[in-house]
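Observations on the model geometry
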Amino acid sequence: MDALTGMLPIPPATALAIGGTAIALAVAISFWFLRSYTSGESNRLPRVPEVPGVPVLGNLLQLKEKKPYMTFTRWAETYGPIYSIRTGATSMVVVSSNEIAKEAFVTRFESISTRNLSKALKILTDDKTMVAMSDYNDYHKTVKRHILTAMLGPNAQKKHRIQRDIMMENLSNRLHAFVKTSTEQEEVDLREIFQSELFGLAMRQTMGKDVESIYVEDLKITMKRDEIFQVLVVDPMMGAIDVDWRDFFPYLKWVPNKKFENTIQQMYIRREAVMKALIKQHKERIASGEKLNSYIDYLLSEAQSLTDRQLLMSVWEPIIESSDTTMVTTEWAIYELAKNPHIQDRLYRDIQSVCGSDIIKEEHLSQLPFITAIFHETLRRHSPVPIIPLRYVHEDTVLGGYHVPAGTELAINIYGCNMEKSVWENPEEWNPERFMKENETIDFQKTMAFGGGKRVCAGSLQAMLISCVGIGRMVQEFKWELKNKAQEEVNTIGLTTQMLRPLRAIIKPRN
Ligand code: HEM
């Protein structure tokens, strides 16, 4: 008789199964007890303060302006770092404090790990078939692992180094070419050049080659590079912020909104058609024996369990993600440097003393902390993703000492966190020195610009390398000036915080 199984003659395998079941049951009961205790505890806590609204619409009318992160930050001054609003029938908790945001990202993550997408996002993300927009589940873990292994993680970034070097050369050549062909006071449109180069980099990393044009069989047209960029990047970015009023009133889902549906559907169809054409072309390349270090090559050989749709979305995702936020950060940084010549001079002197006559490269960055400070201060002051894509509270939880019931949407207002007066001295001021304090370990995670916890941005290393070397190279080779010195550019547009008008600056070669 087995002492472990007590008095009954139970065969070992069954004993193991029963023993396992008993343990599992015990764990489940304790877990349930803990959950109901937490939930009970949460229920006894106060409710999140509410911003007064009107019946039916809630606070919708107060959010009419296209920059909700600014409205949210203003409200935080009156209602505190965490408050709730109503957008039609939906209740939303808004967090504008570093501490509570961290709680949501890490401690309470298990209760806030899903998303309830708007109608437009549901279509454009092919029902959450993206790393960035999926719920936290097995699919998310698998595709995040793929993208980190083959494209964005430290080892993959080392293998893609050549692509970033090509981008920097092209950027420099295009700026020099502009100087040669323009008049003295003519201003360069940095966005146009930088964005086009980022798109080229994204295509080389994901598809192995940049694209000039392609015949799109499903649409029976040949598309040029500009149109491809429009279909793969610009349209979906605009579509993502398109509002279908039915999102706010789910009980009115049955009311048709054909104009909205057709616009988003067209974006979806065109993107799918272009991606299919690109993938077909690259499958032909691979079949002909040409192998390249690209994400699609990796996925086709190592991720065969992905369906065709999942493959299409996996290849498209880094193209859209590469092409925007890094540009937004770099453009704001160059704008600030042009506006603050003494800071630009200081950076130039640092580069001179570290690089001498060499062209600045990624290897120099560790000796140039001021560039990193400029990058992080720009992320703080001009947070490219001002509100974390909405999270959904799927079980009762606690945030900032308040009860947050299941069914609530959660908006983490990164812009507001970065304007918190108790955390940042003179938060309105763009001042890279705040990241250069002597004898202090600088916490670059403090801006939370890349999110945090398990959903932290997968592309932060790439963004940092490109933006820092790009800023360094542009300042090493040119002096940047604003024509109109008083030009204050605080307005933004779009899903990310793009400057309303592209930066226009006069550039003078240093040598
Ligand atoms: C300055 C540039 C960038 C900023 C500020 C930024 C910011 C963010 C933020 C705030 C999130 C959301 C985290 C969340 O939902 O909690 C995110 C997620 C993500 N980002 Fe970035 N990002 C940048 C560049 C990039 C680049 C260049 C790529 C890829 C080429 C990229 C790929 C991703 C991916 C795949 C996710 C989803 C991670 C997940 O859900 O697990 N990002 N990013």
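Because the structure is a prediction, the values reported are computed rather than measured. (Residues numbered from 1 in each chain as written. Predicted model: local features only at pLDDT ≥ 70, side-chain atom pairs only at ≥ 80, totals over all residues.)

Our next topic: the sheet that holds strand 6 (residues 391–392). What the four strands build is an open sheet, ordered 1-2-9-6; its pairing is mixed. The sheet terminates laterally at strand 1 (82–87) and strand 6, the two strands that pair on one side only. The sheet contact formed by strand 1 and strand 2 (residues 90–95) spans six bridges and is antiparallel. Looking at strand 2, one finds that S84 is bridged to V93. (Pairing = 2+ DSSP bridges. Helix = DSSP H or I, 4+ residues; strand = E, 2+ residues; numbered from the N terminus.)

This part is about the pairing of strand 1. The element strand 1 is extensively covered by neighbouring structure, given that five of its six residues are classed as buried. Count of turn residues in the strand 1/strand 2 antiparallel hairpin: two residues, of which G88 carries a positive phi of about 65 degrees. (Buried ≥ 20, exposed ≤ 12 C-beta atoms within 10 Å, placed from the backbone.)

It is worth spelling out the pairing of strand 4 (residues 213–216) at this point. Pairing between strand 4 and strand 5 (residues 221–224): four bridges, direction antiparallel. Directly across from V216, in strand 5, lies its bridge partner I221. Taken together, strand 4 and the strand that follows it, strand 5, pair antiparallel across an intervening segment of four residues, in which K220 is found at a positive phi of about 55 degrees.

On to the UniProt feature "binding site: heme" (unreviewed entry) in the protein chain. Here the UniProt-annotated "binding site: heme" (unreviewed entry) positions come out as C457. Summarising the element assignment, C457 is placed in the loop between helix 16 (414–417) and helix 17 (460–477). By C-beta crowding, C457 is classed as partly exposed, having 17 other C-beta atoms within 10 Å. Beyond its immediate sequence surroundings of up to four residues, C457 is in contact with F450 and G451. (UniProt positions renumbered as here; feature names shortened; annotations may be inferred. Contact = placed C-beta atoms within 7 Å.)

This brings us to the sheet that holds strand 3 (residues 188–189). Spatially, three strands are ordered 3-13-10 in an open sheet, and the strand pairing comes out antiparallel. With one partner strand each, in any of the chains shown, strand 3 and strand 10 (478–481) form the two edges of the open sheet. With two bridges connecting them, strand 3 and strand 13 (residues 504–509) associate as antiparallel partners. Directly across from V188, in strand 13, lies its bridge partner A505.

Where helix 8 (residues 190–207) contacts helix 13 (residues 325–339), the two axes come as close as 10 Å, and the packing angle between them is 150 degrees. For the element pair helix 8 and helix 13, the recorded crossing hand is right-handed. Where helix 8 approaches helix 13, its residues L190, R191, F194, Q195 and L198 are matched on the opposing element by T326, M327, T330, E331 and I334. Class assignment of the residues belonging to the contact of helix 8 with helix 13 gives a composition of five nonpolar, three polar and two charged. (Axes fitted to C-alpha atoms, helices over the stretch in contact; angles between N-to-C directions. Left-handed = near helix turned anticlockwise from the far one by under 90°. Nonpolar A, V, L, I, M, F, W, Y, C, P; charged D, E, K, R; others polar.)

A few words on the site of the ligand. Close contacts around the ligand come from 24 residues, with T325, G451, C457, G459 and A463 the closest. Across the shell around the ligand, the residue classes tally to 14 nonpolar, seven polar and three charged. (Near = placed C-beta within 6 Å.)

All buried positions along helix 11 (residues 295–302) are accounted for by Y295, I296 and L299. An end-on view of helix 11 places all buried positions within 95 degrees of arc, on one side of the element. With respect to the buried face of helix 11, the exposed residues turned more than 90 degrees away are S301 and E302. Lining the buried residues of helix 11 we find helix 5 (138–152), helix 8, helix 10 (258–287) and helix 12 (308–323). (Arc of directions from axis to C-beta.)

Inspection of the secondary structure puts T71 in helix 2 (residues 68–79). Measuring from C-alpha to C-alpha, the distance between T71 and G416 comes to 9.5 Å, with 345 residues separating the pair along the chain. Those residues in contact with T71, other than ones at most four positions away along the chain, are Q62, L63 and E65.

A pair of packed helices is characterised by two quantities: the angle between their axes and the separation of those axes. The interhelical angle for the contact between helix 9 (residues 225–240) and helix 12, taken along N-to-C directions, is 70 degrees, at an axis separation of 10 Å. In terms of orientation, helix 9 and helix 12 fall into the roughly perpendicular class. Seen from helix 9, the contacting residues are L232, V233 and P236; seen from helix 12, they are W316, I319, I320 and S323. Residues of the contact of helix 9 with helix 12, tallied by class, amount to six nonpolar, one polar and no charged. (Parallel < 35°, antiparallel > 145°, perpendicular 65-115°, else oblique.)

Attention now goes to helix 15 (residues 369–381). Across its 13 residues, helix 15 extends 18 Å between first and last C-alpha, which sits within 8% of the 18 Å expected from 1.5 Å per residue. For helix 15, a buried count of ten out of 13 residues is recorded, marking the element as mostly surrounded by other parts of the structure. Buried within helix 15 are the following residues: I371, A373, I374, F375, H376, E377, T378, L379, R380 and R381. Those residues of helix 15 that are buried lie in contact with helix 13, helix 14 (341–355) and helix 17. (Expected span 1.5 Å × (residues − 1).)

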